[in-house]
Each structure stands twice: as structure tokens, then as C-alpha cells.
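# Topology and contacts: notes
Take a look at the letters that make up each chain.
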Amino acid sequence: MNDNHRKKKDEKAEGGVTRRHFLTGAGIGAVGLAAGAPAVEGATEQDAANLIAAGEAVPVTLRINGTRQRLLVEPRWSLAYILREKLLLTGTKLGCDRGECGACTVLEDGVPRYSCMTLALEAEDREITTLEGLLEGEELGAVQRAFEEKDALQCGYCTPGQVMAVEGLLRSNPDPTLEEIRTGVSGNLCRCGTYPNIFKAARLAADLKRGKGGGS
Ligand code: FES
Ligand code: FES
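This structure is a prediction, so every number in the text was calculated from the model and none was measured. (Residues numbered from 1 in each chain as written. Chains lettered and ligands numbered in written order. Predicted model: local features only at pLDDT ≥ 70, side-chain atom pairs only at ≥ 80, totals over all residues. Heavy atoms only, no water.)

## Considering the confidence of the model for the protein chain
One rule of thumb: low pLDDT means the predicted coordinates there are not for detailed reading. Per-chain confidence: the protein chain averages 82 in pLDDT, with 73% of residues scoring 70 or above. Across residues 8-41 the pLDDT falls below 50, and counting only partners more than four positions away or on other chains, this stretch makes 36 contacts in the model. (pLDDT = per-residue confidence, 0-100. Contact = heavy atoms within 4.5 Å.)

Now the structure itself:
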């Protein structure tokens, strides 16, 4: 189980719903209360006011790919939304938008994380790395080069997330076994089934990063 899966499970264990689902439900509840029709048993008008206030934009400072970004965000906005729609970092993909596919994977303090399940506010003071942040100047980074060399993609939609998962794996484990690679990308689905080449690319990337060039 990787960190994304563990986080999702923990959030559900705490309250029976994810934070995302809570906020969505809260927004619906606020509308109901504002219209004078309490949607939640026991909820007060003050509850409604608080929930409506939660929809107002608040300032947040994010560190994305080594650059500080000062933004006004609504508390309900996900990190994936901010990256794609506000910062135009479209290397981060949205697939399921519900923590199931891994297409939106970014690194948070070096650890893979689903950006669709991360509120932008939660990312404050964290170092966020996206696919664009792996570039070495104008050149592809080691993991990106390895995916290209091993032909580890077909449609390519899952590829940014796979690359970020491998990058995160290699930062914590520079010389992973095949089993560790399989576990490291287990939170990233590939509908085209390119897993064998993804595993080979991860192995090559490990060698490239360790200066071994990779011969297989
Ligand atoms: S888009 Fe985030 S997990 Fe699928
Ligand atoms: S290459 Fe198509 S979903 Fe992975």
C-alpha cells in the first residue's frame, strides 16, 4: 500500500468520509440552510454562515517546483485544480478526480501524493514537484528519459503520474528491486497495460540516476 492509498484509507477511517466528500457535502448543506430548509439535523444558521464563509477565497503561499506562488484560493479547491487551471502546469493530469487512478500524482516534500485528493490549502509550506519540475533545463529528467527509452507508454494519459510515482520511489529507494518497483507504482493505473515497460523504465531510471547508464 503506498502513501496515497494509506492517506485515503486513513481519512475514511477517521470520519467515515474523505475530507473532499465532507467539503462537497458541506457546500450542499450550506445551500439548503441558506434557503431556510435545514439539510443536516441539528444544524444552525450560524453553521450555515460558517459553511458559506468556507467558500471565500483565502491567500495561500505554495512552493511549486522551487518557486513561491502567492495565490487566492477557495478552501474547496484541490491542488490538482490549482496546478492545472491557475498555474497552467498541465503536465499533471486528471483522470478519476477521486483518488483511484494516480494520473494526478505529484511529489509533496518528495513523496508521491494524489493532487486531486489534496486541498491546495493543505499544500502550504510543502515543496510541491510536478512533472515540469523534473526537467533538467531544456532536457528531460532521468525518469522521463527512461520512460521514453523503454517505450513505457501507449496513450500516455497515465504517464505523468507514473513518472512522478517512480521519481518519488527512487528518491526514497535509489536501487529498488522489481517487487519494490511494483509496489511503488501500485497506486497508478495504466489502462493500456504497459506495466512491464514501466517496470523496466523504473529500473533504467534508477541506473541513470546512480550514474550507471543502464545496460538492459
Ligand atoms: S485523478 Fe487523482 S487519483 Fe485519479
Ligand atoms: S499508457 Fe494509456 S493509460 Fe497508461
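## Thoughts on the pairing of strand β2 (residues 67-73)
Sheet topology places strand β1 (residues 58-64) next to β2; seven bridges connect them, and they run antiparallel. Residue Ile64 lies in a different strand from β2, and its bridge partner there is Thr67. Linkage of β1 to β2, two consecutive antiparallel strands, is achieved through a turn of two residues, within which Asn65 is found at a positive phi near 50 degrees. (Pairing = 2+ DSSP bridges. Helix = DSSP H or I, 4+ residues; strand = E, 2+ residues; numbered from the N terminus.)

## A few points about helix α4 (residues 79-86)
Regarding α4, the residues found buried are Leu79, Ala80, Ile82, Leu83 and Arg84. Buried residues along α4 sit against β1, β2, β3 (105-108) and β5 (127-129). Leu88 sits one or two residues past α4 and shows a positive phi near 60 degrees. (Buried < 20%, exposed > 50% of the residue type's maximum accessible area, 1.4 Å probe, protein only.)

## Things to note about helix α8 (residues 195-209)
When the terminal C-alpha atoms of α8 are compared, their 21 Å separation across 15 residues agrees well with the 21 Å that a helix rising 1.5 Å per residue should span. Summarising the contacts, the buried residues of α8 are in contact with α5 (142-149), α6 (159-172) and α7 (178-184). Immediately beyond the C-terminal end of α8, within one or two residues, lies Gly211, with a positive phi of roughly 75 degrees. (Expected span 1.5 Å × (residues − 1).)

## Section: the sheet that holds β5
Taken in spatial order, the five strands of this open sheet run β2-β1-β5-β3-β4, and their pairing is mixed. Strand pairing shows two members of the sheet lacking a second neighbour, β2 and β4 (111-114), which therefore form its edges. Between one strand and the next, the sheet's axes are offset by a mean angle of 40 degrees, whatever the strand orientation. Summarising the sheet, β3 and β5 pair through two bridges and their orientation is antiparallel. Within β5, the residue paired with Glu108 across the bridge is Ile128. Contacts between α4 and the sheet are confined to β1, β2, β3 and β5, with β1 contributing the most and set at about 80 degrees to the helix. Against the sheet, α6 contacts β3, β4 and β5, and its axis sits at roughly 30 degrees relative to β3. (Axes fitted to C-alpha atoms, helices over the stretch in contact; angles between N-to-C directions.)

## Here's the deal with the environment of Val106
With respect to the element layout, Val106 can be found in strand β3. Its relative accessible area of 1% is what places Val106 among the buried residues. Beyond its immediate sequence surroundings of up to four residues, Val106 is in contact with Leu79, Leu83, Thr92, Val111, Pro112, Arg113, Ser115, Ile128, Thr129, Thr130 and Met164.

## Some remarks on the nonpolar core
Nonpolar side chains in soluble globular proteins tend to end up buried together. If you look at the biggest cluster of nonpolar residues, it comprises 24 residues, and the most contacted ones within it are Val143, Phe147, Val163, Val166 and Leu170. At the level of elements, α5, α6 and α8 are the ones that each hand at least two residues to this core. The leading source of residues in this core is α8, at seven residues. Each of domain 2 (57-134) and domain 3 (135-216) contributes no fewer than three residues to this core. When residues no more than four places from it in sequence are discounted, the contact partners of Leu170 are Val143, Pro176, Ala202, Ala205, Ala206 and Lys209. Leu62, Leu87, Ala120 and Ile128 belong to the second largest nonpolar core, which has 15 residues in total. (Core = buried A, V, L, I, M, F, W, Y, C linked by side-chain atoms within 4.5 Å. Domains from an automatic or database assignment.)

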